[in-house]
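Observations on chain architecture
In case you want the letters, here they are:
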Amino acid sequence: SAKAQTSAAPVPFDPLMRGAIERREALEAELRTALADNEFELFYQPQIELRTGTVVGAEALIRWRHSERGYVSPAEFMPVVNTTSLSEDVAAWVLETACRRAADWQRRGYAIRIGVNLAQSQFATGDLAAEVERRLAENGLRPELLELEVTEDIILDDGAKTLRVLAALRALGVKIAFDDFGTGYGSLTYLKSFPLDKIKIDQSFVKRLEPGSQDAAIVAATIDLGQALGLSVIAEGIETQATASLLREMGCDEGQGYLISKPIPAQEFAMKFLRKEARLVA
Ligand code: C2E
Ligand code: MG
Ligand code: MG
Ligand code: MG
């Protein structure tokens, strides 16, 4: 029929659009090879207790070691990874690599908490809690040294399922952090109904923090809210000493940002931030 013919007709492609799709497919193929060839690497960014300046954690952040382009930022390739079938494989690699690293540091006497960013695909398929339980056991990692970061997009996808999985993860003793807090629409609802340990205040509120500003009011209110709910609060994107001081005065528990360090390779992190003193008290 005429109808069938219409739907079978080739889609009239905008040449610019086709260019974009082809580039995306090429990137997807390259990323698949990158995973197979072990071109991904985790960098670590220190998280400090603001009151004392002690390094208490590290967020694991993925990088792509590209043969020609050097280190590629996840902002460039994770949106592609996370909308393809690659997502589950990359997520599994990130989780395993971070657990192995944390367990290695734990064995050497540096009990440091490692933050891992989760992807939506990890909630959609399989049993994330069982996977995490197995990786903790295989690596001999203490559960409280693993902190899983979730964003609002993940919760939005299937709230009921996410709630079940997060509850199961928390029952293992793993920590749950709400990443990029304040950038979504339902943040307060989620604080009420999801099993969380920590709020990560998004860097967009922190970067230009000035006393008396709107950002300062929002940050102060978030810190109070976190405290009232028994959650720990960390500010992301601290770039100046003035910001760190202001956050400390506001009672913010922890901080992370370029002021302390950019994300760096594991060996460099160990040299700079895992100290003998930490080992003695661990
Ligand atoms: P995120 O989880 O919110 O990570 C924080 C981002 O802020 C990181 O960017 C970090 O390098 C950057 N940052 C930290 N402190 C500062 C600062 O003081 N100033 C500025 N301007 N930026 C700062 P990065 O490493 O490029 O990662 C971007 C995003 O990519 C992450 O945001 C996260 O959503 C995603 N991502 C990174 N690694 C992974 C991963 O292993 N798995 C998943 N699913 N997502 C990841
Ligand atoms: Mg994060
Ligand atoms: Mg964040
Ligand atoms: Mg972010």
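Above this text you will find the structure in question.
Notes on the structure follow. None of these values were measured; they are calculated from a predicted model.

**Looking at the overall build of the protein chain**
Looking only at helices and strands, the protein chain has 14 helices and 10 strands in total. By the compact-globule yardstick of 19 Å for 282 residues, the protein chain fits well, its C-alpha radius of gyration being 21 Å. Within the protein chain, the fraction of its 282 residues that count as buried is 47%. Considering only contacts within the protein chain whose residues lie at least 6 apart along the sequence, 67% involve residues at least 24 apart. When the accessible surface of the protein chain is split by element, carbon and sulfur atoms take 53% of a total near 14500 Å². Here the protein chain contributes 32 positive and 41 negative side-chain charges, whose respective centroids are spaced 4 Å apart.

**Description of unusual backbone geometry**
The backbone of N38 sits at a positive phi, close to 65 degrees, despite the residue not being glycine. Even without being a glycine, D180 presents a positive backbone phi close to 55 degrees. Mapping D180 onto the fold places it in strand β6 (residues 175-181). The class for D180 is partly exposed, based on a relative accessible area of 28%.

**Examining the coordination of the magnesium ion (ligand 3)**
Note on the magnesium ion (ligand 3): its protein donors are D179 (OD), D180 (OD) and E236 (OE). The metal-donor distances range over 2.1 to 2.3 Å. When the donors of the magnesium ion (ligand 3) are listed by position in the chain, the intervening gaps give D-D-x55-E.

**As for the site of ligand 1**
In the vicinity of ligand 1, 24 residues are found, and the nearest of them are R63, N117, Q203, E239 and Y258. In this structure, a nitrogen atom belonging to ligand 1 sits 3.0 Å away from a main-chain N or O atom of I62. Here ligand 1 loses 83% of its free accessible area of 810 Å² to cover by the protein chains. Among the detected pockets, ligand 1 sits in the largest pocket. Breaking the shell around ligand 1 down by element, the ones donating at least two residues are β2 (55-66), α3 (74-81) and β6. Broken down by element, the shell around ligand 1 gets its largest block of residues, 4 residues, from β2. A per-class count over the shell around ligand 1 returns 10 nonpolar, 6 polar and 8 charged.

**Side note on the coordination of the magnesium ion (ligand 2)**
Note on the magnesium ion (ligand 2): its protein donors are E59 (OE), N117 (OD1), E149 (OE) and D179 (OD). The metal-donor distances range over 2.0 to 2.3 Å. Written as a sequence motif, the donor residues of the magnesium ion (ligand 2) are E-x57-N-x31-E-x29-D. Separating the magnesium ion (ligand 2) and the magnesium ion (ligand 3) is a distance of 4.1 Å, and D179 donates to both of them. On the criterion of sequence distance, the pair formed by E59 in strand β2 and D179 in strand β6 is long-range, its members being 120 residues apart.

**Some points on helix α11 (residues 214-228)**
Taking 1.5 Å of rise per residue, the 15 residues of α11 would be expected to cover 21 Å, and the 21 Å separating its terminal C-alpha atoms lies within 8% of that figure. Those residues of α11 that are buried are in contact with β6, β7 (198-201), α10 (203-206), β8 (232-236) and α12 (241-250). The first or second residue beyond α11 is G230, which carries a positive phi of 75 degrees.

**Some details on α12**
Those residues of α12 lying buried are T243, A244, S245, L246, L247 and M250. Of the surrounding elements, those touching the buried residues of α12 are α10, α11 and β8. A positive phi of about 90 degrees marks G251, the residue just after α12.

**Remarks on the packing of helix α4 (residues 86-107) against helix α6 (residues 128-139)**
Axis separation between α4 and α6 bottoms out at 9 Å; the angle between their running directions is 35 degrees. Handedness of the α4/α6 crossing: right-handed. Here α4 contributes A92, L95, E96, C99, R100, A103 and R107 to the contact with α6, which in turn contributes L128, E131, V132, R135 and N139.

Calculation notes
Residues numbered from 1 in each chain as written. Chains lettered and ligands numbered in written order. Predicted model: local features only at pLDDT ≥ 70, side-chain atom pairs only at ≥ 80, totals over all residues. Heavy atoms only, no water. Helix = DSSP H or I, 4+ residues; strand = E, 2+ residues; numbered from the N terminus. Rg over C-alpha atoms; globule rule 2.2 N^0.38 Å. Buried < 20%, exposed > 50% of the residue type's maximum accessible area, 1.4 Å probe, protein only. Contact = heavy atoms within 4.5 Å. Areas by Shrake-Rupley, 256 points an atom, 1.4 Å probe, with all protein chains shown as cover. Lys, Arg positive; Asp, Glu negative; His and termini not counted. Charge placed at Lys NZ, Arg CZ, Asp CG, Glu CD. Donors = N, O, S within 2.8 Å, 3.2 Å for Na, K, Ca; no water. Near = heavy atom within 4 Å. Polar contact = N/O pair within 3.5 Å; in protein donor to acceptor, adjacent residues only side chain to side chain. 1 Å grid on protein atoms, 1.4 Å probe; cavity = no way out; pocket = protein on both sides within 12 Å on 5 of 7 lines; lining within 4 Å. Sits in = over half its atoms within 2 Å of the grid points. Nonpolar A, V, L, I, M, F, W, Y, C, P; charged D, E, K, R; others polar. Expected span 1.5 Å × (residues − 1). Axes fitted to C-alpha atoms, helices over the stretch in contact; angles between N-to-C directions. Left-handed = near helix turned anticlockwise from the far one by under 90°.

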